[in-house]
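Residue strings, one per chain:
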Amino acid sequence: MRVIIWPASDDASAWYRLKFPASALAAQGFDVTVDQTGPRVLWDMNWSHLSEPPYEARVVGLEMRPDADVVVINRPARAHWAETIPHLQASGVRVVVDVDDDFAAIPIGNSARKPYSQPRYSGKWLERACLLADLVTCSTPDLARRYAPHGRVAVLPNLVPATYLDVVADRPDRMIGWSGSVSTHPGDLETTSDAMRDALAGHHDWSVHVVGTGKGVAKRLRVPESLVSNTGCWLPFSDYPQAQA
């Protein structure tokens, strides 16, 4: 069986849910390939002069059948993904949709809320893709109930590569670490209340380090800015395990 992986983006979800598992399977001899280009489809209008499909564009068929028995897509929230699935199935290709968040419940204040609330790019299209899919894979039983009422579902918990467990920290500093962004995780740090402030007050040689920009972290943890350092930006995945360690 030949499987092609089509990540919807190059974010953490694509890596942990699709790319890392695909690499592990390929190393074991399975015919699994990651393809960043996606399907070659036919549109009802020409938009080659634009960077992305306009609102009016609709997928009407496949330009070429993918050389695969199964294709796997994660977070297909764009309308053209949902429109492509029936054409793939009609050509004999099974479709798996992977989802690891409830995109109908993005909290107010989360920077992802607006991008996922557009006419042709939203959680509704992800729901549609899941209903059409031959199989839905998701990270929790709650998401299985949410996105796969048809029962064609497999729960695959979020994991990290085993190599992450062998990374040794290369810094002697005593730090409390966090990897994240307050823009996409509003309210997370606030749940610690004054705990971080109290912990640092009792351990003067400790500090906080953020894998990410660190913007807004000190304020939400209620600690002095001088006690919070950061990597300055998001890191490539090759550097992430060491930074997290």
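In this text, all values refer to a predicted model and were calculated from it rather than measured experimentally. (Residues numbered from 1 in each chain as written. Predicted model: local features only at pLDDT ≥ 70, side-chain atom pairs only at ≥ 80, totals over all residues. Heavy atoms only, no water.)

Chemist: Tell me about the overall build of the chain, residues and numbers included.
Modeler: The helix and strand inventory of the chain stands at 7 helices and 13 strands. By its C-alpha atoms, the chain is 65 × 40 × 40 Å across when sized along the principal axes. Sorting the 245 residues of the chain into buried and exposed places 35% on the buried side. Across the chain, the fraction of contacts at a sequence separation of at least 24, relative to all contacts at a separation of at least 6, is 63%. (Helix = DSSP H or I, 4+ residues; strand = E, 2+ residues; numbered from the N terminus. Buried < 20%, exposed > 50% of the residue type's maximum accessible area, 1.4 Å probe, protein only. Contact = heavy atoms within 4.5 Å.)

Chemist: With reference to specific residues and values, describe the pairing of strand β5 (residues 70–74).
Modeler: For β5, the tally of buried residues reaches 5 of 5 residues, placing the bulk of the element in the interior. Side chains of β5 alternate between two faces, with V70, V72 and N74 and V71 and I73 buried alike. Sheet analysis places strand β1 (residues 3–7) next to β5, joined by 5 bridges and oriented parallel. Directly across from I4, in β5, lies its bridge partner V71. (Pairing = 2+ DSSP bridges.)

Chemist: Tell me what's going on with the pairing of β1, and back it up with residues and numbers.
Modeler: With 5 of 5 residues buried, β1 is to be regarded as a mostly interior element. Side chains V3, I5 and P7 of β1 all project onto a buried face; the interleaved residues I4 and W6 project onto the opposite face, where all are buried too. In terms of strand pairing, β1 meets strand β2 (residues 32–34) through 3 bridges, oriented parallel. Paired with I5 across the bridge in β2 is V34. Since β1 and β2 lie parallel, the crossover through helix α1 (residues 12–27) that links them has a hand, and here it is right-handed. (Right-handed = clockwise from strand over helix to strand, strands pointing away.)

Chemist: Explain the sheet that holds β2 residue by residue, including any values.
Modeler: One open sheet holds the 6 strands; their spatial order is β2-β1-β5-β6-β9-β10, and the pairing between them is parallel. Single-partner strands in this sheet number two, and they are β2 and β10 (153–155). Each neighbouring strand pair of the sheet contributes to a mean axis angle of 20°, computed without reference to strand direction. Along the sheet, helix α3 (residues 123–132) contacts β6 (94–99) and β9 (135–138); its crossing angle with β6, the most-contacted strand, is approximately 140°. (Axes fitted to C-alpha atoms, helices over the stretch in contact; angles between N-to-C directions.)

Chemist: Report on the nonpolar core, specifying residues and quantitative values.
Modeler: The biggest cluster of nonpolar side chains holds 31 residues, and the ones touching the most others in it are V71, V97, V99 and L126. Elements supplying a minimum of two residues to this core: β1, β4 (59–62), β5, α2 (79–90), β6, α3, β9 and α4 (141–147). Discounting residues that sit within four places of it in the chain, L126 has contacts with R75, P76, A77, V97, V99, F103 and Y147. L189, L200, V210 and V217 belong to the second largest nonpolar core, which has 11 residues in total. (Core = buried A, V, L, I, M, F, W, Y, C linked by side-chain atoms within 4.5 Å.)

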